[in-house]
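# Observations on the model geometry
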Amino acid sequence: QVQLVESGGGLVQDGGSLRLSCAASGRTFNTYRMGWFRQAPGKEREFVATFNRNGDRAYYADSVKGRFTISRDNAKNTVFLQMSSLKPEDTAVYYCAYRTQYYKTYDGEADYPTWGPGTQVTVSS
């Protein structure tokens with residue numbers, strides 16, 4: 001069983017930056033199967049970023065391309081989400097999740113059976 005814990009959320013001004021971390025513990029863990037999602041107030045949870053099966057390519061939601069960067073530290077079983085040029089519409093609870101090895105898509109919630117508790121990111125205008 002994999003346990004995930006996010007950190008690094010907080011309040012930031014429009015145009016600012018934050019770096020989120022997700023530390024994993026438990027059984028054998030592959031950092032390239034980590035993904036980030038977010039849920040804004042009153043909206044459904046949406047995909048943000050993840051890696052491909054080889055871990056050598058990242059996928060991003062169109063809304064964050066060019067502003068967010070996902071990275072990983074295999075030695076520490078940790079994945080990061082560097083967020084820059086933040087906008088008020090980026091305000092959400094950010095979740096990291098672990099993708100099953102039998103996944104069908106990179107961005108579908110159903111392919112991520114393990115989730116962290118989430119961390120709040122608030123961008124003020």
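Use the structure listed above.
What you see is a predicted model; the values in this text were computed from it and never measured.

## Things to note about the state of the cysteines
Disulfides are covalent bonds that connect the sulfur atoms of two cysteines. All chains considered together, the criterion is met by 1 disulfide. Put simply, Cys 22 and Cys 96 are joined by a disulfide, and their sulfur atoms are 2.0 Å apart. Handedness of the Cys 22-Cys 96 disulfide follows from its S-S torsion of about 55°: it is right-handed. Linking Cys 22 in strand E3 (residues 18-26) with Cys 96 in strand E9 (residues 92-98), this pair joins segments that are 74 residues apart in sequence. On the basis of relative accessible area, Cys 22 is assigned to the buried category, the value being 1%. Using a relative accessible area of 0% as the deciding quantity, one classes Cys 96 as buried.

## What about the sheet that holds E3?
Strand pairing in a sheet is mediated by backbone hydrogen bonds. Such pairs are either parallel or antiparallel. The 4 strands lie next to each other as E1-E3-E8-E7, forming an open sheet whose pairing is antiparallel. The sheet terminates laterally at strand E1 (2-7) and strand E7 (68-73), the two strands that pair on one side only. Mean inter-strand twist for the sheet, computed between neighbouring axes without regard to direction, equals 20°. As paired strands, E3 and strand E8 (residues 78-83) are joined by 6 bridges and run antiparallel to one another. Bridged to Arg 19 within E8 is Gln 82.

## Focus: unusual backbone geometry
Not every positive phi belongs to a glycine, and Asn 77 is a case in point at roughly 50°. Relative to the helices and strands, Asn 77 is located in the loop between E7 and E8. We note that Ser 85 has phi near 50°; this positive angle belongs to a residue other than glycine. With respect to the helices and strands, Ser 85 occurs in the loop between E8 and E9.

## Concerning the side chain of Thr 31
With respect to the element layout, Thr 31 can be found in the loop between E3 and strand E4 (34-39). For Thr 31, a relative accessible area of 3% corresponds to the buried category. For Thr 31, the side chain forms a polar contact with the side chain of Arg 72, separated by 2.8 Å.

About the cut-offs
- Per chain, the residues get numbers from 1 upward, laid out in the order the sequence is written.
- Thresholds applied to this predicted model are a pLDDT of at least 70 for local features of residues and 80 or more for the giving and counting of side-chain atom pairs; totals over whole chains, interfaces and linings are not thresholded and use all residues.
- Hydrogens are left out, water is left out, and the side-chain values use all remaining heavy atoms of the structure.
- To count as a disulfide, a pair of cysteine sulfur atoms needs to be within 2.5 Å.
- Helix and strand assignments come from DSSP, with helices taken as H or I runs of at least 4 residues and strands as E runs of at least 2, each series counted from the N terminus.
- For the exposure calls, accessible area comes from a 1.4 Å probe over protein chains only, and a residue counts as buried if that area is under 20% of its type's maximum, exposed if over 50%, partly exposed in between.
- By the convention used here, strands pair only if DSSP detects at least 2 bridges between them.
- Whenever a helix is involved, its axis is fitted only over the stretch in contact; in every case the axis is a line through C-alpha atoms, and angles between N-to-C directions fall within 0 to 180 degrees.
- Polar contact is defined as a pair of N or O atoms within 3.5 Å, subject to the rule that within protein one atom must be able to donate a hydrogen and the other to accept it, and that residues adjacent in sequence are counted only when both atoms are side-chain atoms.

So far we have only geometry, and geometry alone does not tell us how the molecule works.
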